[in-house]
Amino acid sequence: SAVISQKPSRDICQRGTSLTIQCQVDSQVTMMFWYRQQPGQSLTLIATANQGSEATYESGFVIDKFPISRPNLTFSTLTVSNMSPEDSSIYLCSVGQAREQYFGPGTRLTVT
Amino acid sequence: GQQVMQIPQYQHVQEGEDFTTYCNSSTTLSNIQWYKQRPGGHPVFLIQLVKSGEVKKQKRLTFQFGEAKKNSSLHITATQTTDVGTYFCAGLPRDSNYQLIWGAGTKLIIKP
């Protein structure tokens, strides 16, 4: 298993600003995943982050809006840019391959 | 597109009653995973099923994977207050290396 921490745990942001979420893992992992979960909903994959290469984004998510960094095998950041109230959600990072995934505690973002 | 249908969306039970949630995939899966998300928490991995017709038990929880590897169920016997939360299935399509398809989740609510 892996222990994952995320910062910040929650934030309230103004429309038009950006927030960077950090994800730290206690072991080296090849792939890290960023998900969004809106209240009462399932998980939606935003992108997959591999170290040393550009992130792979899912349909409906673009790099300009959700830039991702992956500087090493234990750390990644997701930035939510030019925020609007529709970006209010929980953002989760996770690690794991096909067998099981481990999630960070999440970042609860509210955009006003 | 590929999807996993999960029903019901909610299930209200009296403590001590049984609970079941079902997942049905539009495509054949390599494996299916189950996660539990407590209110305010993040998804936590419960189990992975790989083999056709597989049945696994964890105390009061019984997990099944269909013969065609397209459907799965989770059954909880004699629910307790600690079982409250949302249960998600997540399937790995045969043609995918890592990208899971998540069900919508079933929320288990214990009636007061």
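All values derive from a computational prediction rather than experimental measurement. (Residues numbered from 1 in each chain as written. Chains lettered and ligands numbered in written order. Predicted model: local features only at pLDDT ≥ 70, side-chain atom pairs only at ≥ 80, totals over all residues. Heavy atoms only, no water.)

## Quick word on the overall build of chain A
Looking only at helices and strands, chain A has zero helices and 11 strands in total. Taken from N to C terminus, the helices and strands of chain A fall in the order β-β-β-β-β-β-β-β-β-β-β. Scaling as 2.2 N^0.38, a compact globule of 112 residues should have a C-alpha radius of gyration of about 13 Å, and chain A matches this with 13 Å. Once the C-alpha set of chain A is aligned to its principal axes, its extents read approximately 35 × 25 × 25 Å. Going through the 112 residues of chain A one by one, you find that 52% of them count as buried. Intrachain contacts of chain A at a sequence separation of at least 6 include 52% that bridge at least 24 residues. Carbon and sulfur atoms make up 47% of the accessible area of chain A, which amounts to about 5,400 Å² in all. Counting 8 positive and 8 negative side-chain charges, chain A places the centres of these two groups 6 Å from one another. (Helix = DSSP H or I, 4+ residues; strand = E, 2+ residues; numbered from the N terminus. Rg over C-alpha atoms; globule rule 2.2 N^0.38 Å. Buried < 20%, exposed > 50% of the residue type's maximum accessible area, 1.4 Å probe, protein only. Contact = heavy atoms within 4.5 Å. Areas by Shrake-Rupley, 256 points an atom, 1.4 Å probe, with all protein chains shown as cover. Lys, Arg positive; Asp, Glu negative; His and termini not counted. Charge placed at Lys NZ, Arg CZ, Asp CG, Glu CD.)

## A closer look at the packing of aromatic side chains
All told, the structure shown has 11 aromatic pairs over all chains when counted by the stated rule. With centroids separated by 5.7 Å and ring planes inclined at 40°, the aromatic side chains of Phe33 of chain A and Tyr98 of chain B adopt a geometry described as tilted. A residue pair is termed interchain when its members come from two chains, as with Phe33 of chain A in strand β4 (residues 31–37) and Tyr98 of chain B in the loop between β9 (85–93) and β10 (101–102). Classification of Phe33 of chain A as buried rests on a relative accessible area of 1%. Judged by centre distance (5.6 Å) and plane angle (70°), the ring pair of Tyr35 of chain B and Phe45 of chain B falls under edge-to-face. Remark: Phe45 of chain B occurs in strand β5 (residues 44–49) and Tyr35 of chain B occurs in strand β4 (residues 29–37); sequence separation between them is 10 residues. The same class applies to Tyr35 of chain B and to Phe45 of chain B, which are both buried. An aromatic cluster is present here, built from Tyr35 and Phe103 of chain A together with Tyr35, Phe45, Phe88 and Trp102 of chain B joined pairwise through their rings. (Phe/Tyr/Trp six-rings, centres within 6.5 Å; stacked < 30°, edge-to-face > 60°.)

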